[in-house]
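A closer look at the structure
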Amino acid sequence: MTIKQPQYILTDIEGTTSSISFVAEELFPYFRNNINSLLELKENPIVKEAFEQTVQLAKTEDGETLSTDNEIIEKLYRWSVEDRKITPLKTLQGILWEKGYQDGTLKGHVYPEVAACLKKWKEDGINLGVFSSGSVPAQKLIFGYSVSGDLTPYFSNYFDTNTGGKRDAETYATIAGILNLNPAEILFLSDIVEELQAADSKGFQTLQLVRPGTAQVWNAFAHSFEEITFE
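Residues numbered from 1 in each chain as written. Predicted model: local features only at pLDDT ≥ 70, side-chain atom pairs only at ≥ 80, totals over all residues. Heavy atoms only, no water.

**With respect to the side chain of S224**
Spelled out, the test is: Runs of H or I in DSSP of at least four residues are treated as helices and runs of E of at least two as strands, each being numbered from the N terminus. The buried label applies to any residue whose accessible area, calculated with a 1.4 Å probe on protein chains only, is under 20% of its type's maximum; exposed applies above 50%, and partly exposed to all values in between. Contact between two residues is taken to exist if any of their heavy atoms lie within 4.5 Å; hydrogens are not considered.
Among the structural elements, S224 can be located in the loop between β7 (221-222) and β8 (229-230). Here S224 falls in the buried class, since its relative accessible area comes to 12%. The contacts of S224, once residues within four sequence positions are left out, are E113, L209 and R211.

**Section: the packing of aromatic side chains**
Rule in force here: For Phe, Tyr and Trp, rings pair up if their centres lie within 6.5 Å, where Trp contributes its six-membered ring, and each pair is then called stacked (planes under 30 degrees apart), edge-to-face (over 60) or tilted (otherwise). Note on criteria: charge over ring means Lys NZ or Arg CZ within 6 Å of the ring centre, with the direction from the centre no more than 35 degrees off the ring normal.
For the structure on display, the rule yields nine aromatic pairs. Aromatic pair Y172 and F204: ring centres 5.6 Å apart, planes at 85 degrees, arrangement edge-to-face. Separated by 32 residues along the polypeptide, Y172 in helix α7 (residues 169-179) and F204 in the loop between α8 (193-201) and β6 (205-209) bring together distant segments of the chain. Assigned by exposure class, Y172 and F204 land together as buried. Over the aromatic face of F131 sits the side chain of K166, whose NZ or CZ is 5.6 Å from the ring centroid.

**Observations concerning the environment of E61**
Cut-off, in case you're wondering: Under this definition, polar contacts are N or O atom pairs within 3.5 Å; protein pairs additionally need one hydrogen-donor-capable and one acceptor-capable atom, and for neighbouring residues in sequence, both atoms have to be side-chain atoms.
Summarising the element assignment, E61 is placed in helix α2 (residues 45-62). Considered as a pair, E61 and A198 are 137 residues apart in the sequence and their alpha carbons are 24 Å apart. Setting aside anything within four residues of it in sequence, one finds E61 in contact with R84 and I86. Among the polar contacts made by the side chain of E61, one reaches the side chain of R84 at a distance of 3.2 Å.

**Notes on unusual backbone geometry**
The backbone of D83 shows a phi angle near 55 degrees, a positive value even though the residue is not glycine. Looking at the element boundaries, D83 is found in the loop between α3 (69-82) and α4 (87-102). With relative accessibility at 27%, the residue D83 sits in the partly exposed group. Residue N180 is not a glycine yet carries a positive backbone phi of 60 degrees.

**Section: the side chain of T214**
Tracing the backbone shows T214 in the loop between β6 and β7. Classification of T214 as buried rests on a relative accessible area of 19%. Once residues within four sequence positions are removed from consideration, T214 is found in contact with D191, Q208 and L209.

**Quick look at the packing of α3 against α4**
What counts is decided by this rule: Axes, fitted as lines to C-alpha atoms, cover a helix only where it is in contact. Angles between the N-to-C directions of the axes lie from 0 to 180 degrees. Roughly parallel means an angle under 35 degrees; roughly antiparallel, over 145; roughly perpendicular, 65 to 115; everything else is oblique. All residues other than Ala, Val, Leu, Ile, Met, Phe, Trp, Tyr, Cys, Pro, Asp, Glu, Lys and Arg, Gly among them, are scored as polar; the first ten of these are nonpolar and the last four charged.
Viewed as axis vectors pointing N to C, α3 and α4 meet at an angle of 95 degrees, and their least axial separation amounts to 10 Å. By the angle class used here, α3 and α4 are roughly perpendicular. Here α3 contributes L76, W79 and S80 to the contact with α4, which in turn contributes L89, L92 and Q93. Its residues placed into classes, the contact of α3 with α4 shows four nonpolar, two polar and no charged.

**Some details on the nonpolar core**
Definition in use: Take the buried Ala, Val, Leu, Ile, Met, Phe, Trp, Tyr and Cys residues and link them wherever side-chain atoms come within 4.5 Å; each set so joined is a nonpolar core.
Among the nonpolar cores identified, the biggest contains 52 residues, and W97, W121, L189 and F225 are the most heavily contacted of them. Of the residues forming this core, the biggest block, six residues, is contributed by helix α1 (residues 20-33). Once residues lying within four places of it in the same chain are set aside, the contact partners of L189 are I9, L10, T11, D12, T16, W121, L207, L209, F225 and I228. Core analysis: the next-biggest nonpolar cluster, separate from the first, contains 17 residues, F131, F159, Y172 and A220 among them.

**Brief notes about the sheet that holds β6**
We count it as follows: Note on pairing: two strands pair once DSSP finds at least 2 bridges between them.
If you walk across this open sheet you meet the six strands as β4-β3-β2-β5-β6-β7, and the pairing is parallel. Of all the strands in the sheet, just β4 (157-159) and β7 have a single pairing partner and so form its edges. Two strands pair when backbone bridges link them, and strand β5 (residues 186-190) and β6 are joined in this way by four bridges, in the parallel orientation. Considered in β6, the bridge of F188 is made with T206. Contacts from helix α5 (residues 114-123) reach β2 (8-11), β3 (127-131) and β5, with the element oriented near 135 degrees to β3. The strands touched by α7 within the sheet are β2, β3, β4 and β5, with β4 carrying the most contacts at an inclination of about 160 degrees.

Below you can see the structure in the form of structure tokens.
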């Protein structure tokens, strides 16, 4: 797929740079298997704040009152099983995944061509950023401890649900404002049609990655980063 060369490429992770199965079959189970260790970290300011946010969101979103730390853990476990895109869950997942990456239990999956393409795009003067529902620390871990080595030097920015929902058009307007770029100068890569629609509605260039297990649902698409060329 040949498109106009952008000044900036913003990429999703799951189903785009990395396999969906890695997240579902390795990262999520690791979190659930080690979730009780969060109780040992509850005085950590980040963990403490995430626990407080969990109590608030359980009340406002699900009408539940959580009174004990164990109830908070149980709620986070259920949210993980349901793959809820909830900020405190993503924050705490990132904290536990960091330990797994650092001790070598986890290695971030990226598709074989991703590292070389990121390097080429960067050398061609295109700035690169990440937008994922996973927390920014979790994003940096998957790329920092990837099977292709440390890819974090290629990225200038990271965005997560603290910026806004990935299917919310206004989030993309916010990102363009943060980057101080015309939306048309930004190419957004994702496997999810609703995300592509939201970015497209704000003037972004958009392209769907059709990885194994993904159906092509967007006019502009590629099966790998290598298929993306610029004019």
